[in-house]
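# Breakdown of the fold
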4 protein chains.
Amino acid sequence: MADSTIPSWKKKLHEIIYEADTPAGKAFDIGLLIVIVLSIVLVMLESIPRMSERYYWEFYTAEWIITAIFTLEYILRIVVINRPSRYIFSFYGIVDLLSTLPTYLAILGGGHNLLFAVRALRLLRIFRVLKITRYIGESQRLLLALRNSRAKILVFLYAVIILCVIMGTVMYLVEGPENGYTSIPTGIYWCIVTLTTVGFGDIHPVTPLGQFIASVIMITGYGIIAVPTGIVTSEFSKSSARHTHVNTQVCPHCNESQHLDKAEYCHNCGNLLNE
Amino acid sequence: MADSTIPSWKKKLHEIIYEADTPAGKAFDIGLLIVIVLSIVLVMLESIPRMSERYYWEFYTAEWIITAIFTLEYILRIVVINRPSRYIFSFYGIVDLLSTLPTYLAILGGGHNLLFAVRALRLLRIFRVLKITRYIGESQRLLLALRNSRAKILVFLYAVIILCVIMGTVMYLVEGPENGYTSIPTGIYWCIVTLTTVGFGDIHPVTPLGQFIASVIMITGYGIIAVPTGIVTSEFSKSSARHTHVNTQVCPHCNESQHLDKAEYCHNCGNLLNE
Amino acid sequence: MADSTIPSWKKKLHEIIYEADTPAGKAFDIGLLIVIVLSIVLVMLESIPRMSERYYWEFYTAEWIITAIFTLEYILRIVVINRPSRYIFSFYGIVDLLSTLPTYLAILGGGHNLLFAVRALRLLRIFRVLKITRYIGESQRLLLALRNSRAKILVFLYAVIILCVIMGTVMYLVEGPENGYTSIPTGIYWCIVTLTTVGFGDIHPVTPLGQFIASVIMITGYGIIAVPTGIVTSEFSKSSARHTHVNTQVCPHCNESQHLDKAEYCHNCGNLLNE
Amino acid sequence: MADSTIPSWKKKLHEIIYEADTPAGKAFDIGLLIVIVLSIVLVMLESIPRMSERYYWEFYTAEWIITAIFTLEYILRIVVINRPSRYIFSFYGIVDLLSTLPTYLAILGGGHNLLFAVRALRLLRIFRVLKITRYIGESQRLLLALRNSRAKILVFLYAVIILCVIMGTVMYLVEGPENGYTSIPTGIYWCIVTLTTVGFGDIHPVTPLGQFIASVIMITGYGIIAVPTGIVTSEFSKSSARHTHVNTQVCPHCNESQHLDKAEYCHNCGNLLNE
């Protein structure tokens, strides 16, 4: 990357666009974050029928400005990098391209709805600028705790899904299509709605037996919600225990470790810890 | 099982069908898992009226192919085992039989709905092939934590049910049949729906007093959801604590393991641990 | 209680009726538990209109049999005890009386609904026979953990109620009576339904601003559900830690404590622990 | 504050009104708390149409009595304090003023609804009198645990919001306006309702694909509810661990406390702890 044949302006721009350590790189990332959030808000508001009718031209103009900025950014990213193919065919390269294309394709005409869907992909761009947040450390610790409990969570989810398949089938047989349980997949959908304590109420048991089974499912769901919580909590406690109770000081006289952070003398032999 | 009078092909087949340690046994289990999942998906899709009408013949053919595979497997399991009666009258033996019979009975005619219900029993076969999953260890630890906290969870569920019976009766008396609380069991059902924070909305309080009592029930439910979580979490933390602080020292004299970290002498035979 | 002037049959009956240590006392309690549960189930079923119409005479007969049993028990309790007034005016004495009276009053005529309500008081009798359960120890530990975290839970509930009053008022002002928020108490009721993640759906925000505020309330509710759980869990962990890691053996040679439960030799000096 | 030029009645009143250490100050605070709660209940009841019609004059009178009390209190607070501007422009000063003004403005006529809204601000006054509760210590510990886990909770909420934006957009595209998902913000609102397991049911998926995605969202929400709980619980456990494992040994030489349980020498001055 630090090849001497690369002109210095290219190096400088690379640092600004791809990194976030320098003030300029940080400013670029923050600016990009604002434009991305604006573009997302724009797509959101445009989806409201009343808004898109009244402010048609405002949306049209803003859309083209944002597309121009994204296009410029996309070209710069290709120009600046040494091996453009590595960027173009990366996950973010494709997302970046798909963020700009729909506006251009809209001129040629074509399915508006599909283009709209593709434009919503801009949401994924938000992950790109997460590197500037102050909370990277915290989020990594969160992810680590989740990753460590991954196997347990998968086993739990597997059990939940099997339970939902069985109970959904039972409810389909008990309540039947006349009470809204039109098929087994619908029964399973209802069972997931119920077990997770969401409870939309679009489908609900009507027969006494169905209501009894539903009660059992609900109490089960209420009880087993403890399981993922227990898993993640014990994982958190472990990782935070590892994190907080560590004091690496070792007494130079008796090799006793595990001193308090504020200790100046060894609690085992009484000698000074830091001579 | 390793009787010399048993022909070797029978031994081999027994190993493949009933165990999962050899490559062939593993392949058999994975193949069976796929057929079982397919048969379940088939039953699910067939329960959707639109699907069963349009693809009648496809479902019919697939149903017979799967039944043939299950029948073959059932016969093999009986032929291969030494004492067939032990398999036939075991839980899985009965489930396996019930998984194949409905299709045959359907030719003779008979209540379609009941046969459908029986066919849904195939779901239970999925437990048979769980032995191949990598997550057996994790699921056993989960089950252990749940089993250890069983007594506490039962006491909690008992208290929840008594609470629901009392509050369901109160709501029946307060709201009455004109607001949907048609009987005490219905009131109890509503109370379970509310306390577990599911909240279908098919029945909901209308009178101010009923809404006030409902608020108390909801806040109670929101508060006591902490109890099962607390139980399971503390159980998890304990079991993972037991698990992580493992001391791998083994006494060179009596092979006793599980020593305290600070132990210098074996707690079993009294000899020095590290000579 | 062990007064010599009391005839022995009275002492014996007292032991059977009021205690649960002897086989006869246990049998009495179990028998009473069954009758109480039956009487509750009876009241439940009688509340279902279809049932009470069809099985009018069966309910009538069963009601009188149970009332006779309860009356006999009530008289026995008074006869057997030394100071009857202590029983009659105790909580359970009043509940026991109220469990028998409604049936007698029904002959004289009178508000059926009120008598029904009073009869539902029989539910409270179930607490009387809880002393026979094996789970007393567990339930006491549960109650202890809850009692220890009482102050924290009250502070939390207080904060939740203030939050609901404020947000309920805000929603009343934002949505107004035309969207179902007919008054501030209704708004508060809705806010409790939402914050506790119950979500009946009988009232729900319609305006964009109302939906935005509702989103904030929901995410708040989703976040602060962690607080009671955290409180109870940490209380459980403490009480179970106190409970499990205790081994009171002390080495008679070096006074080292904290031995494993199975230890026979001291891990500190290598001498026998129990000579 | 203890300036000698201030007359003693002013000092006395200041102590009563602004502090809560003396019996008179405590009585004042409790009396004020009662009036505030009454005024809030009054506003609540007045918002119920049936009530405000029937008891118009009762509400009118009570409103003026409470306004008189609040006005008197407001004047006293200004008179008694040394620098009135510090109180008038403080948060509570403005809230206190806004609690009295609406009733006066109502005579002059004016938007009733807005005045009503302003009057609801009296709710905020309740925070003023919280200083008398016994639970200050507990609430501070709760707040501390929440503050310590703030960064983790923010990261979590950020992830939840991004997830809701993405899934809400997906649901808008899958279900479309014909099934109630009228715009992307509506889709996001629905996704928050679902992920937090509230589930109003005002909007719910109708297409099979939408129901499948909803199932995934619900199970995700059911799973990740563990994360905030895990965060707060581990924070609680830490703070309570710090709290319970207190070692009351104090060094006889330097009065340093908080020694490790096994410490023999003071970690601060190096002298023997138990001579």
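Predicted model, so just to flag it, every value in this text is computed and none were measured.

Moving on, we come to the overall build of chain A. What chain A contains, in helices and strands, is 12 helices and 0 strands. For chain A, buried positions account for 43% of its 275 residues. For chain A, restricting intrachain contacts to residue pairs at least 6 apart in sequence, the fraction spanning at least 24 positions comes to 53%.

This brings us to the UniProt feature "transmembrane region" (unreviewed entry) in chain A. Residues and elements named next belong to chain A. Following the UniProt record, the feature "transmembrane region" (unreviewed entry) maps to residues 30–48, 60–81, 153–174, 180–200 and 212–232 here. In the segment residues 30–48, helix accounts for 89% and strand for 0%; the C-alpha atoms at its two ends are 28 Å apart. Here residues 153–174 runs as 100% helix and 0% strand, with 31 Å between its end C-alpha atoms.

This part takes up the pattern of salt bridges. Residue and element names in this part refer to chain B. Scanning all chains against the criterion turns up 8 salt bridges over all chains. One salt bridge connects Arg-77 with Asp-96, and the closest N-O pair in it is separated by 3.9 Å. Of this pair, Arg-77 sits in helix H4 (residues 56–80) while Asp-96 sits in helix H6 (residues 91–107), and the two are 19 residues apart along the sequence.

It is worth spelling out helix H2 (residues 23–46) of chain B at this point. For H2(B), which comprises 24 residues, the first-to-last C-alpha distance of 34 Å matches the rise-based estimate of 34 Å (1.5 Å per residue) to within 8%. Of all the residues in H2(B), the buried ones are B:Gly25, B:Asp29, B:Leu32, B:Val35, B:Ile36, B:Ser39, B:Ile40, B:Leu42, B:Val43 and B:Met44.

Now for unusual backbone geometry. Positive phi is not limited to glycine here, since B:Thr197 has a value of about 60°. Its place among the elements puts B:Thr197 in the loop between helix H10 (184–195) and helix H11 (208–224).

Tracing the sequence through the fold places B:Ser47 in the loop between H2 and helix H3 (49–54). Residues within four places of B:Ser47 in sequence aside, it is in contact with A:Tyr172, A:Thr182, A:Ser183, A:Ile184, A:Pro185 and B:Phe116.

Bringing the packing of aromatic side chains into the picture now. The full count for this structure, using the stated rule, is 36 aromatic pairs over all chains. Between B:Tyr56 and B:Trp57, the ring centres sit 5.5 Å apart and the planes meet at 85°, which makes this aromatic pair edge-to-face. Taking relative accessible area as the criterion, B:Tyr56 reaches 46% and is therefore assigned partly exposed. Taking relative accessible area as the criterion, B:Trp57 reaches 58% and is therefore assigned exposed. Feature note: the residues A:Tyr56, A:Trp57 and A:Tyr60 constitute an aromatic cluster, connected by ring pairs.

Rules of the game
- Residues numbered from 1 in each chain as written.
- Chains lettered and ligands numbered in written order.
- Predicted model: local features only at pLDDT ≥ 70, side-chain atom pairs only at ≥ 80, totals over all residues.
- Heavy atoms only, no water.
- Helix = DSSP H or I, 4+ residues; strand = E, 2+ residues; numbered from the N terminus.
- Buried < 20%, exposed > 50% of the residue type's maximum accessible area, 1.4 Å probe, protein only.
- Contact = heavy atoms within 4.5 Å.
- UniProt positions renumbered as here; feature names shortened; annotations may be inferred.
- Salt bridge = Lys/Arg side-chain N within 4 Å of Asp/Glu carboxyl O.
- Expected span 1.5 Å × (residues − 1).
- Phe/Tyr/Trp six-rings, centres within 6.5 Å; stacked < 30°, edge-to-face > 60°.

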